[in-house]
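# Observations on the model geometry
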Amino acid sequence: MPGRLKAKIVAGRHLPVMDRASDLTDAFVEVKFGNTTFKTDVYPKSLNPQWNSEWFKFEVDDEDLQDEPLQITVLDHDTYSANDAIGKVYIDIDPLLCSEAATVISGWLPIYDTIHGIRGEINVLVKVDLFNDLNRFRQSSCGVKFFCTTSIPRCYRAIMVHGFVEELVVNEDPEYQWIDRIRTPRASNEARQRLIFLMSGELQRKIGLKVLEMGGNAVVGYLQCFDLEGESGLVVRAIGTACTLEKISTFPATATHPNNSSPSKDMKDSPQAAPSTLGCRSTHSSPVHSASSRLSQGFSISVPTLLFSGMGSGGSAGKEAGPLKALLKQQTQSALEQREYPFFTLTIFPPGFLLHVGGVVSARSVKLLDRIHNPDEPETRDAWWEEIRQEIKSHAKALGCHAVVGYSESTSICEEVCILSASGTAAILSSRFMQDGPLDTEHRLSQQPLCVFSAGSERVEGDMGSSASLGFEEVVSPGCGFCHIPYDELNIPFPAQLTYCYCCRRYKVPDVLFTTIDLPTEANVTGKGCLIQARLCRTKKKAQGEGNAMAISNLLPFLEYELHTQLMNKLKLRGMNALFGLRIQISVGETMLLGLASATGVYLTALPSPGGIQIAGKTPSDITYEQHISNMQKKINDTITKNKEQYEINPPEVVEEIIGSPIPEPRQRSRLFRSHSESSDEVSEIDLSHGKKDAFVLEIDDTDAVEDIHALLTDSPTPAGFYSCNTEIMPGIQNWTSAIQMFTSVRVFRLNANLTNQGLNKIFSDLCENLLKSLYFKLRSMVPCCLCHLNFTVAIPEDELIQVAVTAVAMSFDKEQTLENGKRSGEKTLIKAITENDEQLQFNLELNAESSSPNPLGSPKGLSEVGSHPSARDRCSSWIEQLKLKAHTIRRGSVKTTSSMEKASPLPEGRSRSLRSNRSYSGSSVAVVKMTPLSFIPGAKIIKYLGIINMFFIRETSSLREEGGVSGFLHTFIAEVFAMVRAHVAALGGNAVVSYSMKECVFMENPNKNQAQCLINVSGDAVIFVRESELELTSVQPQSATTQTSNGGEGT
Amino acid sequence: MSVELDVFVGNTTIMDKEVYQLWLNGYTVNDAVKVRIEGGVMEECEASAEVLLSDTMDQYRTFQMCERLLHHPAKLANQLLFQIPPDRQAMLIERYALACQFNSLDLVIIQFQTFICISLFRYYAFDDSFVREVLGKKLSKGTKKDLDDVSIKTGITLKSCRRQFDNFKRVFKVVEELKGPLVENIRQHFLLPDQLARDYAAIVFFANHRFETGKKKLQYLTFQDFAFCAGQLINNWTVGAVDNMMEDMDVDLDKEFLQDLKDLKILITDKDLLDQHKNLVCTALRGKTNVFNEMEANFKNLSRGLVNIAAKLINAKDVRDFFIDLVEKFIEPCRSDKLTSIDVNLYLTHYTNSAHILDTFKHHAVWTRYMGVIKSCILRMYHD
């Protein structure tokens, strides 16, 4: 019996009146876990019952603990008829299974009913006692920590990043079972909610098992999604990045230190991974489903994919870096090649991890959902995703990269057609956090043949860590390294225009860079960034089955191409040269396709200044026409100038002159677009660059271009005092105040029938623009402020309806400081947390390496035994590198050791003290819980992660008008979801949710029947944070000292 | 082409004070948008009418959702739907002051909390002109139906009239059954500030006894006059007034006291006593006022008026006419004799005190209790 779950029902309040006669309620509670149910006594005639029940104890397997939610049902006792249900509370007990997370769930939780919404609250206490399980074949994975955050969580350090984990679970959708015809909507909704709770629990457990197998103890960047496939079923799938994390030990953080007495402890520290396989294993046994074998099963079409990064033509020099770079590449490649998918869902990386960025890789595929369905064999879905991942992998290779970062997957379903999409950023990573086997220290000692090599490789890691980008490109400032091209410039996979890096002048950079990751904190950026969106709407004919799928897949490449053109135009219009956080969403409906691309544009100092946009007409005969063109040209030029002013983009002009000689390119560059379909592959390519003109040229003889220009110019500028981005941080703004406001806004727009593409485009674009304008207006009291992590989601809920949902956080900042000390000091504060984190990490790694590797250079024999593809060059490269790196470490090692020692002592006191005060402060009243889609809270320090929040709710009404129409209905529902998230976080003892996202918001209505239904899925990480001001009271001195040291070190 | 659905939900609820006031005043969304446009918010924030409409609708929806909570303000403290923390207004303001010095984030939240309190006050605030119309009327459906006339007469939108009326009714229903001091009950259940709670107490008290306030002769009296008088009655003539320990209702007049009032009749039925009383008063007043003659001439008349009012109060029907009686039997005669309020004060003081010197008059306690209220009411009501 590996676990005992205990629950106690304390009291209820604000219950609804269930007995009309007395205006009161006779409430009791059923507590259910698995198949066991307990009941409390009936508390008669009260809306605020005090049950004060005994402890209900469930003795269960830890597998069940992971899968099942605790289900609490509040009922009204009725002597004569059946008891009426008041509502339910599902409690995810996963956070209690990990001793580093929460220890108890205690607090007021809203009682939720799918028809009536929140109906009062219930006060419960839940605890779990875990017993040590020595069964090595166990199916549970208790203790693996999950984080939605797509970076290394703030109070942890990464010992190792293992790589990609994925899993999917399928089931029949209760809504589509035959029984649904005879049961009430409430019963059906509840069956669905419960099923999804179960499925996500199971999914999490299975992913956890994989992580343990790989030797990790945590999943970072955990992304779980639902595919509501209608009659063909319900798919819950998740991806994430397996890591080995270690809590930064300077935090004494409340009773969770490894030497805790709780029995659950032991299992976590020594993950009982079945030592069956090495490297990263996944459930797929035969992974090779190349895109070409696409029509194999059922029906599927792989869609041409766009690959891009730097564009341009010419560029020749920069050879000298070649061989060394290749060596480095191969060295890390060996670590990565073992992995089936070298993918990382992270978007922010520890310094020094991300070396080079190639560009965005994406793949889409259109599938027909099969009606026959066997829940126990999810192979079909697995195969689909496998196909796409293979494609992504090969795209990354084509870009000369061995890894894909900022990776994500999504679907769009309409009836039986499903578009699967995956995208990420091809990149080269340092081997610092990676290792060839699923090994950690203990294992290494036990497995002799591997020992030597892994110790050696760890040595490299430690050293790499100490010098970040110094190791290989030692002269390169860290702010530009990631921009340098990873591919061979003589063998570019597409026509690109390369120039010497404007920062270091040693390596080649592309003229434009698109990525799906967050802006690296060390990047050199000129001015500020802004949100850039491309929006597109395309009509399609109604069709069925294969014909429909074919039509969609024919449209997709055009859609993507146009989205990219729009993005590029808008980027140039803002005078910027790089996009971060690019997210392209394609949504399919019966009669149209919607495309929405969002990204944050910035001016990377390392990249060349973008050229302007030139308009050319093809029929120059008409004078008025000419005038028209020149007018437009003027407008565009004005806009560019204005934008440059607004975003403070003034790159040093001198750069141009100096660079003049070695680089033959003219000032304004033309841009080449490349849409490469996988059938026609890299060669048969339409050249869309309009020849080799100087500027980026738009020809307006065709209506499309006119439309493009209009689209360009109709984007209204953000009002004064506002900035916006869809990434975590806004370049150029760092001095955030602590005022944050997270919000969700949803709009549904009804279209008229028979619209042209252009009409549709305009409507869609206006819809997004107006939504943004509304947001600016709503949040005007927060000025100056930045809307961060603006996440748009589009959907076509039914014919002629467009739904746009936005979740973001508005953060105020101090204007004065921004203006005064500009980047320098700001950047420092921003990086502070990370460098600090890194500082300790480095220190520790070094110690580790020293103590555990008596023979760092080891015998190369180890390599072959691991089963990688070693070559003489591989070995050689790692050796050279090691020597280089080692030199650095020796030089800098001592400084670091002292600084981290210094820091270790004074902090704990202050932290625990402020934590205590924080707790007591909240008192009896409802505690404030902050929510943010970002991974941090400005002006505060996250001291503890309490576990993942993953909640799914359904709300239905058959009295839509009475509830204030669709808007009133959804407004209430979203507010209720927020309330429930806050309540659960508070019950875990937290005061904030970070990395919050609303991953699903499916809204369906039938106004004629006065009905509506909505499904919402939200997730995030529950945390405890402490204000920095409180911390600083006790620890100002040592902290600032350390920061300086580390900054100084970084600079050399 | 139309926006079918449009919502905005923040983790901390955003409310616009200006729009809130418009909503309370019963403006429709479109009218509110017009007012806002005229207010110049568009130029300030580079917004369009469309944006303003969307924002206004959204705010109205939020207020409607909050309305349920505003009806039971005590629940506001621990409700979870809106992120609106602590309950006590005094504490809020205290913390507000503290936060000003410390932390700007808490400041935002506390600002919001105080705002909620302010919103609460605003929600429960009423127009004097409106309340004057319904004061003393039964808070029933019938009265509610007549609100459109009231709306036309006062120029307050019907929506706003209804809200105010419903507020009265809600408070009435809740405190009707409660024991203990009326004002305190209202303050606790509806978290209202002292003055507003007192006003509500007056409204409840008037509605309970159905005091006549609508007669033409009473039109010159304002709500505040009546509220003052109600306060006097509540504090002196109810059961709770005599014995704080008694857990009885504050809404009803002390029956025993009303019964005892009948004994005061002796002051006018016993001819000797009446003459004696007159002589005492006249002796005290002589030379102190220039309307002495009128006072002397009118003494018996006025005394009869006041004592008769006292004697009749045992009948619920006559209680309703309390104010009209005061005006007809005392204020009007005094006014026609051109007495100033100083004269009236002087007269009533001596009138009250002299009775205690009368040999055969034994009901001193009742007399004091009665005349104290009568005197302060009359003085308050004695104006143009």
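Keep in mind that this is a model prediction, so the values were computed, not measured. Numbers given for residues are sequential positions, taken from 1 along each chain in its written order. Each chain gets a letter, beginning with A, and each ligand a number, beginning with 1, in the order they are written. Local features in this predicted model are restricted to residues whose pLDDT is 70 or higher, and side-chain atom pairs enter the listing and the counts only when it is 80 or higher, whereas totals over whole chains, interfaces and linings include all residues. Hydrogen atoms and water are omitted, and side-chain values are computed over all heavy atoms in the structure.

### A look at the sheet that holds strand β21 (residues 525–539) of chain A
All names here are of chain A. Note the following rule: Should DSSP find at least two bridges between two strands, the strands are taken to pair. What counts as a helix is a DSSP run of H or I of at least four residues, what counts as a strand is a run of E of at least two, and both are numbered from the N terminus. Any two residues whose heavy atoms approach within 4.5 Å at even a single point are treated as in contact. Angles shown run from 0 to 180 degrees and are taken between the N-to-C directions of axes, each axis being a line fitted to C-alpha atoms and, for helices, limited to the stretch in contact.
Judged by pairing direction, the sheet is mixed, and its four strands sit side by side in the order β20-β22-β23-β21 without closing on themselves. Edge positions in the open sheet fall to β20 (513–514) and β21, since each of these has one partner strand only. Sheet analysis places β20 next to strand β22 (residues 578–588), joined by two bridges and oriented parallel. Looking across to β22, one finds that Phe514 is bridged to Leu579. Contacting β21 and β23 (592–604), helix α12 (residues 757–778) crosses the sheet at an angle of about 140° to β21.

### Details of the pairing of strand β29 (residues 801–813) of chain A
All names here are of chain A. Definition in use: Summary of the burial criterion: residues with accessible area below 20% of their type's maximum are buried, those above 50% are exposed, and those between are partly exposed, where the area comes from a 1.4 Å probe applied to protein chains only.
By the criterion of burial, β29 is predominantly enclosed, with 13 of the 13 residues buried. Going residue by residue along β29, you find Leu801, Gln803, Ala805, Thr807, Val809, Met811 and Phe813 tucked away on one face and Ile802, Val804, Val806, Ala808, Ala810 and Ser812 tucked away on the opposite face as well. Pairing between strand β27 (residues 736–750) and β29: twelve bridges, direction antiparallel. Directly across from Arg750, in β29, lies its bridge partner Leu801.

### Quick notes on the sheet that holds strand β28 (residues 785–795) of chain A
The strand order across the open sheet built from five strands is β26(A)-β28(A)-β29(A)-β27(A)-β1(B), with neighbouring strands paired in mixed fashion. With one partner strand each, in any of the chains shown, β26 (722–724) of chain A together with β1 (2–10) of chain B form the two edges of the open sheet. When strand polarity is set aside, the average angle formed by the axes of neighbouring strands in this sheet is 25°. Sitting on the sheet, helix α17 (residues 965–987) of chain A touches β27 of chain A together with β1 of chain B, and the angle it makes with β1 of chain B is about 25°.

### Remarks on the interface of chain B and chain A
Convention followed: Buried area is calculated as the accessible area (1.4 Å probe) missing from two parts once they are joined, with the contributions of both summed. Salt-bridge detection follows one rule: a side-chain nitrogen of Lys or Arg within 4 Å of a carboxyl oxygen of Asp or Glu. Contacts described as polar in this section are N or O atom pairs within 3.5 Å, which, within protein, must combine one atom able to donate a hydrogen with one able to accept it, while residues neighboring in sequence count only if both atoms come from side chains. Residue classes follow a fixed rule: Ala, Val, Leu, Ile, Met, Phe, Trp, Tyr, Cys and Pro count as nonpolar, while Asp, Glu, Lys and Arg count as charged, and any other residue, Gly among them, counts as polar.
Taken together, the 45 residues of chain B in the interface contact 57 residues of chain A. Buried surface at the junction of chain B and chain A, both sides included, amounts to about 4600 Å², of which 58% is carbon and sulfur. For the pair chain B and chain A, the number of links is four salt bridges. The interface formed by chain B and chain A contains 19 residue pairs in polar contact (both at pLDDT 80 or more). Within the residue set of the side of chain B that touches chain A, elements represented by two or more residues are β1, α3 (41–45), α4 (49–71) and α7 (104–124) of chain B. At ten residues, the largest contribution of residues to the side of chain B that touches chain A is made by α4 of chain B. When its residues are assigned to classes, the side of chain B that touches chain A shows 22 nonpolar, twelve polar and eleven charged.

### Focus: helix α9 (residues 623–646) of chain A
Just so we agree on the cut-off: Any helix carries an expected span of 1.5 Å times its number of residues minus one.
Between its first and last C-alpha atoms α9 of chain A spans 34 Å; for 24 residues at 1.5 Å apiece the expected length is 34 Å, and the two agree. Directly after α9 of chain A, the chain includes Glu648 of chain A, whose backbone phi takes a positive value near 55°.

### Side note on the environment of Glu387 of chain A
Structurally, Glu387 of chain A is set in helix α5 (residues 379–398). Spatially, the C-alpha atoms of Glu387 of chain A and Cys530 of chain A are 35 Å apart, while their sequence positions differ by 143 residues.

### Overview of the nonpolar core
Note the threshold: Among the buried residues, those of types Ala, Val, Leu, Ile, Met, Phe, Trp, Tyr and Cys that are joined through side-chain atoms within 4.5 Å form a nonpolar core.
In terms of nonpolar packing, the biggest core is built from 232 residues, with Leu70 of chain A together with Tyr370 of chain B touching the most fellow members. The element best represented in this core is α17 of chain A, accounting for 14 residues. Among residues more than four places away in sequence, those in contact with Leu70 of chain A are Leu5, Ala7, Val31, Lys32, Phe33, Phe58, Val89, Tyr90, Ile91, Ile93 and Val126 of chain A. If you look at the next biggest cluster of nonpolar residues, it comprises 46 residues, including Phe147, Leu245, Leu607 and Tyr945 of chain A.

By themselves, these figures tell us nothing about what the structure is for.
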